[in-house]
Amino acid sequence: MKKRVLSGMRATGKLHLGHLAGVLVNWNRLQNEYESYFFVADWHGLTDNPENARQMKENIRNMVMDWLAVGIDPEKATLFIQSLVPQHAELHLVFSMLVSLSRLFRNPTYKDKLEDLRKGGVEGGISLAGIRDVKEELERKADEELKATAQFVAGQSDRDTIFRKLKSDVMSLFYDFVDRAGEKLIEEMLESSSFHSVISYGFLGYPVLQSADILLYKPHYVPVGADQVAHIEITRDIAEKFNRLYGEVFPIPEALLTETPKIPGMDGRKMSKSYDNAIYLSDDEETVSKKVMKYITDPQRIRKSDPGRPEICPVFALHKVFNREETEEIYQACTTAKIGCVQCKRRLAEKLNETLKPIRERRKELKSRNVDVFEILKEGSRDAEKFARRTMDEVRKAMGMDY
Ligand code: TRP
Ligand code: SF4
């Protein structure tokens, strides 16, 4: 029996060299060795912005076209869409009861998001200004009540009666203060920590949905990059909690840490669609060459006779991944000023186009066969659902909710 792997990708649209080196190369290999489930996490794509729904169809089409062009093969791996397998949502709901809020607040992905928002100028925190309002309100109230009390006291001669009346008035004012100040504080907390109004319930629950994605298929391994390890940890915790509460249903999966080489974009930052610095798998030869020529290089290398510093040069970072055979030679040539940056880039462009050539050919072939990615994904989703339904049945049974 082959072991099983499962992994997902958010539907971000067409993919670039970073995805190729970081994920697709691995999937390509894994599908030959394992029973593989690869899916489009379309619901996850809504967690930071529900308006992404509008682009989802197009994004899925482009992204999965890239999967196929790279060689991910529906004959070898089950390719499917999260939202076409409703059990993901069902299991997510059950799991949402098994994970504490504090566990989710501690999730580094969530904390990073808060950090981004804070840097973006959103201020959190509680001020005492609100409590000052409460104080004034209560002072007015105290004036009224104590005036009445003073009158009452003036007509009394029994000290015990006076004491009881004073005490009960003071205490009731005090309790009012605590109540109102508490309410005000909570109000302030909810309003002033504006990130809570920016971040959705679903965003906080991102790793809970991911846990359901994973555990439905009881995989041995989950191939992911290092940034996802915290989510796999939450998945393992949830699986353990479920098993403890209801009985052994879920094997505890392991992250299969795949090497994700750093692929810089044209501006030297991490290659990303949002930075507009990416070389796409679907770019044609000319576009790739033009983009490579735009790459920044070692800024201290002004003349060709200046030796360069490959370790800080993004072009060299790409050579290291896509042109391994020549890396050593280029390193030598650069540090001894025997090669110019233009020539170095030309060699990279050539190499990249060589890498992309079979991908382009397969894409052309897919187009000529009029391959419909949604047809493939729907068929895969039917297979995935069979598996998922079996797991959900076990879940209901274990919980005693199999009516
Ligand atoms: N969170 C993953 C990412 O951003 C995508 C994902 C969703 C995933 N569900 C998954 C990955 C389940 C592996 C398994 O890359
Ligand atoms: Fe970068 Fe190549 Fe120029 Fe060296 S020769 S600085 S590695 S582009």
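Just so it is clear, the model here is predicted, and its values are computed rather than measured.

J.: Tell me about a negative patch on the surface, residues and numbers included.
T.: Taken together, the side chains of Asp-133, Glu-136, Glu-139, Asp-143 and Glu-144 present a region of like negative charge at the surface. With respect to the secondary-structure elements, Asp-143 resides in helix α6 (residues 129–154).

J.: Could you give me a rundown of the site of ligand 2, with the residues and numbers involved?
T.: Thr-297, Asp-298, Arg-301, Cys-313, Val-315, Phe-316, Cys-334, Cys-341 and Cys-344 make up every residue found near ligand 2. Broken down by secondary-structure element, the contributors of at least two residues to the shell around ligand 2 are α13 (314–322) and α15 (341–368). For the shell around ligand 2, the class distribution of residues is six nonpolar, one polar and two charged.

J.: How would you sum up the packing of helix α2 (residues 53–70) against helix α16 (residues 373–399)? Please name residues and give values.
T.: α16 packs onto α2 with a crossing angle of 85° between their chain directions and a minimal axis gap of 9 Å. In terms of orientation, α2 lies roughly perpendicular with respect to α16. Within the contact between the two elements, α2 uses Lys-57, Ile-60, Arg-61, Val-64, Met-65 and Leu-68 and α16 uses Val-373, Phe-374, Ile-376 and Leu-377. Of the residues that constitute the contact of α2 with α16, the class distribution is eight nonpolar, no polar and two charged.

J.: If you had to explain the environment of Pro-108 to someone new, which residues and values would you point to?
T.: Mapped onto the elements, Pro-108 comes out in helix α5 (residues 108–119). The exposure class of Pro-108 is partly exposed, given its relative accessible area of 38%.

J.: For the packing of helix α3 (residues 87–96) against helix α10 (residues 206–215), give the residues involved together with the corresponding values.
T.: Across the interface, α3 lies against α10 with an axial gap of 8 Å and an inter-helix angle of 125°. Considering the angle they form, α3 stands oblique to α10. Read as a crossing pair, α3 and α10 show a hand that is right-handed. Here α3 contributes His-88, Leu-91, His-92, Phe-95 and Ser-96 to the contact with α10, which in turn contributes Val-208, Leu-209, Ser-211, Ala-212, Asp-213 and Leu-215.

Here is what the cut-offs are and how they apply
- Residues numbered from 1 in each chain as written.
- Chains lettered and ligands numbered in written order.
- Predicted model: local features only at pLDDT ≥ 70, side-chain atom pairs only at ≥ 80, totals over all residues.
- Heavy atoms only, no water.
- Patch = residues over 30% accessible without salt bridge, like charges linked within 9 Å, V, L, I, M, F, W, Y side chains within 5 Å.
- Areas by Shrake-Rupley, 256 points an atom, 1.4 Å probe, with all protein chains shown as cover.
- Salt bridge = Lys/Arg side-chain N within 4 Å of Asp/Glu carboxyl O.
- Lys, Arg positive; Asp, Glu negative; His and termini not counted.
- Charge placed at Lys NZ, Arg CZ, Asp CG, Glu CD.
- Helix = DSSP H or I, 4+ residues; strand = E, 2+ residues; numbered from the N terminus.
- Near = heavy atom within 4 Å.
- Nonpolar A, V, L, I, M, F, W, Y, C, P; charged D, E, K, R; others polar.
- Axes fitted to C-alpha atoms, helices over the stretch in contact; angles between N-to-C directions.
- Parallel < 35°, antiparallel > 145°, perpendicular 65-115°, else oblique.
- Contact = heavy atoms within 4.5 Å.
- Buried < 20%, exposed > 50% of the residue type's maximum accessible area, 1.4 Å probe, protein only.
- Left-handed = near helix turned anticlockwise from the far one by under 90°.

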